[in-house]
Amino acid sequence: MAAAAATLMLVSCGAGGEPVPYTDVSARLRPAEFPRQNRQVFRSRPALADYLGGAMPGRKLVIPEIDFTRREAILVAAGPRSSTGYELRILGVREQGGKLLVTIRERTPSLGDPVEPRVTYPYRLITVPRSSKSLKLQWLGRP
């Protein structure tokens with residue numbers, strides 16, 4: 001019984017299916033603020049640049065170098081949060097049931113955490129090998 005429960009927990013956390021290698025390039029995209037919760041797949045640099053220009057008009061952005069002939073970019077944005085204590089973490093990417101499953105955990109601050117009270121916009125920009133599979137997000141720890 002305990003083994004079955006452990007297996008169910010692993011599958012529900014995205015542990016089923018084939019792992020897909022990914023690279024987190026979030027730190028290379030600066031400055032960035034995404035005012036709405038969003039998920040987006042980009043298969044070309046112009047598509048990424050157009051989206052960023054529309055999402056953050058008037059900003060001069062540094063867009064990371066991505067080899068779009070072999071990779072695609074996935075943007076996951078949480079929308080506005082009230083302090084610097086919020087964070088998104090990619091727990092894994094898996095190919096599961098004909099879909100690309102990205103498992104994300106949103107960390108929320110506790111009362112004792114040293115955070116700055118200001119609006120922030122947590123996001124992750126990752127790259128994965130090119131695929132025609134549709135994207136599915138699995139949020140863990142999200143209020």
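For the structure itself, look to the data block above.
Scoring rules and cut-offs
- Residues numbered from 1 in each chain as written.
- Predicted model: local features only at pLDDT ≥ 70, side-chain atom pairs only at ≥ 80, totals over all residues.
- Heavy atoms only, no water.
- Helix = DSSP H or I, 4+ residues; strand = E, 2+ residues; numbered from the N terminus.
- Buried < 20%, exposed > 50% of the residue type's maximum accessible area, 1.4 Å probe, protein only.
- Contact = heavy atoms within 4.5 Å.
- Salt bridge = Lys/Arg side-chain N within 4 Å of Asp/Glu carboxyl O.
- Pairing = 2+ DSSP bridges.
- Axes fitted to C-alpha atoms, helices over the stretch in contact; angles between N-to-C directions.

Once that is clear, we can look at the overall build of the chain. Secondary structure summary: the chain contains two helices and eight strands in total. When the helices and strands of the chain are listed from N to C terminus, the series reads α-β-β-β-α-β-β-β-β-β. For the chain, buried positions account for 37% of its 143 residues. Restricting to contacts in the chain with at least 6 residues of sequence separation, those with at least 24 account for 80%.

Bringing the pattern of salt bridges into the picture now. Overall, the coordinates contain 10 salt bridges when judged by the stated rule. One salt bridge in this structure joins Arg 45 and Glu 65, with 3.9 Å as the shortest N-O distance. Of this pair, Arg 45 sits in helix 2 (residues 45-55) while Glu 65 sits in the loop between helix 2 and strand 4 (71-77), placing them 20 residues apart in sequence. You can call Arg 45 partly exposed: its relative accessible area is 31%. Put simply, Lys 133 and Glu 95 hold a salt bridge, and the shortest N to O gap is 3.7 Å.

This brings us to the sheet that holds strand 1 (residues 18-19). The sheet built from four strands is open, its strands ordered 1-5-6-8 with mixed pairing. Every interior strand has two partners, whereas the edge strands, strand 1 and strand 8 (134-140), have only one. By the bridge criterion, two bridges tie strand 1 to strand 5 (residues 87-96) in an arrangement that is antiparallel. Along strand 5, the bridge assignment pairs Glu 18 with Glu 95.

This paragraph deals with the sheet that holds strand 2 (residues 23-24). Here we have four strands laid out as an open sheet, ordered 2-7-4-3, and antiparallel in their pairing. This sheet does not close on itself; its edge strands, each paired only once, are strand 2 and strand 3 (38-42). Taken together, the two bridges between strand 2 and strand 7 (residues 123-129) define a ladder with antiparallel strand orientation. Note that in strand 7 the partner of Thr 23 across the bridge is Thr 127. Relative to the sheet, helix 2 contacts strand 3 and strand 4, its axis offset from that of strand 3 by approximately 150 degrees.

Geometric values such as these leave the question of function open.
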